[in-house]
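Each chain, letter by letter, is given below.
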Amino acid sequence: MTLGPEAGMATPALQSARLRAIAAMVLENQAVADVGTDHALLPVFLVSSGRVPHAVAVDVARGPLRGAQQHVDASNTQVKVRLGDGLQCLQPGEVQTVVMAGMGGPRMCRVLQRDQSHLTGVLRLVLQPNHGAEELRHVLQRMKWSVVEETVVWEHGRPFEVIAFEPRHEHALSELDGWLGPRNVGRADTDSIRWVSWNLAQLQRERDKVPPTDSHRRNEMERRMALLDDLLGRWN
């Protein structure tokens, strides 16, 4: 435990590497909304650690929201807890960072497309999709939001992508950019090599399950496997 900005207030540590990676991408000294907050662990940490001045914790389910309110009350932090679907309970300009974590990429796409008017004044999206990151990158690219920072965090042997987007229009994403992330494939470090190698192994396992009669699907998987092999070869 560390001391927060208010006298005598202890900052709860984030035990999850995934949540720590998300917190590190939140804009400092700017208000944040955590959409799908569950028990509000992230917004309480961000405020009590002094990274942000205040936060909004949003969830569509009343059960988790009661737990979130209890956690906020116990922490004595400037976190507002709201029942709401997506970004609809946020006022334009109320927050500068929006976090969405632990849901599927397609669901994030639906929420962000539906609630575009509530993105007014938002400077950064920090998204952690459990799956469907490729679709998410392409949809946000069409909405003129580009990847500015991303990482892959490993917990219990499973990778989690954490991606920060900002409202700017850059070049179109290549197939590898959309699939694995433009920042990830743009750096040949240990983490990126592990991420690409994991995806290659996943594809190989999936390919081996496809019957030989389904040549179209097998050929597409092998084409993608060749892309990863080529990338790893260029890095080695």
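For the structure, see preceding data.
Report follows, based on the coordinates.

Analysis parameters
Residues numbered from 1 in each chain as written. Predicted model: local features only at pLDDT ≥ 70, side-chain atom pairs only at ≥ 80, totals over all residues. Heavy atoms only, no water. Axes fitted to C-alpha atoms, helices over the stretch in contact; angles between N-to-C directions. Helix = DSSP H or I, 4+ residues; strand = E, 2+ residues; numbered from the N terminus. Parallel < 35°, antiparallel > 145°, perpendicular 65-115°, else oblique. Left-handed = near helix turned anticlockwise from the far one by under 90°. Contact = heavy atoms within 4.5 Å. Nonpolar A, V, L, I, M, F, W, Y, C, P; charged D, E, K, R; others polar. Salt bridge = Lys/Arg side-chain N within 4 Å of Asp/Glu carboxyl O. Pairing = 2+ DSSP bridges. 1 Å grid on protein atoms, 1.4 Å probe; cavity = no way out; pocket = protein on both sides within 12 Å on 5 of 7 lines; lining within 4 Å. Points joined across faces, edges and corners; volume = space filled by probe spheres on them.

**Let's talk about the packing of helix H8 (residues 190–209) against helix H9 (residues 215–235)**
Okay, step 1: Contact pair H8 / H9: the axes reach a minimum separation of 10 Å and the direction vectors enclose 155°. By the angle between their directions, the pair H8 and H9 is classed as roughly antiparallel. You can see that H8 and H9 cross each other, and the crossing is left-handed. Where H8 approaches H9, its residues Ser192, Ile193, Val196, Ser197, Asn199, Leu200, Leu203, Gln204, Glu206 and Arg207 are matched on the opposing element by Arg218, Met221, Glu222, Arg224, Met225, Leu228, Asp229, Leu231, Leu232 and Trp235.
Okay, step 2: Considered class by class, the residues forming the contact of H8 with H9 number 10 nonpolar, 4 polar and 6 charged.

**Some details on the pattern of salt bridges**
Okay, step 1: Scanning all chains against the criterion turns up 16 salt bridges.
Okay, step 2: Between glutamate 166 and arginine 124 there is a salt bridge, and its shortest N-O distance comes to 2.9 Å. With glutamate 166 in strand E9 (residues 158–166) and arginine 124 in strand E7 (residues 124–129), this residue pair connects regions lying 42 residues apart in the sequence.
Okay, step 3: One connected set of salt bridges, linked through shared partners, spans Glu134, Glu175, Glu220, Arg223 and Arg224.

**Considerations on the sheet that holds strand E3 (residues 32–35)**
Okay, step 1: Strand order across the open sheet formed by 7 strands is E5-E4-E3-E6-E7-E9-E8, with mixed pairing between neighbours. The two strands at the open ends of the sheet, each matched to only one other strand, are strand E5 (79–83) and strand E8 (146–155). The sheet shows a mean angle of 15° between the axes of neighbouring strands, taken without regard to direction.
Okay, step 2: The pairing of E8 with E9 spans 9 bridges and is classified as antiparallel. From the neighbouring strand, glutamate 150 faces E9, where its bridge partner is isoleucine 163.
Okay, step 3: Taken strand by strand, helix H1 (residues 17–25) contacts strand E6 (97–103), E7, E8 and E9, and its axis lies near 160° from that of E8.
Okay, step 4: Contacting E6 and E7, helix H4 (residues 105–114) runs over the sheet at an angle of about 145° to E6.

**Quick notes on the layout of surface pockets**
Okay, step 1: Size it by volume and the largest pocket reaches roughly 440 Å³.
Okay, step 2: For the largest pocket, the lining is made up of 18 residues, of which Glu161, Trp179, Trp195, Trp198 and Asn199 are closest to its centre.
Okay, step 3: Listing elements by their share of the lining of the largest pocket, those giving two or more residues are helix H5 (133–142), E9 and H8.
Okay, step 4: Residues of the lining of the largest pocket, tallied by class, amount to 8 nonpolar, 5 polar and 5 charged.

The values reported here are purely geometric and, on their own, carry no functional implication.
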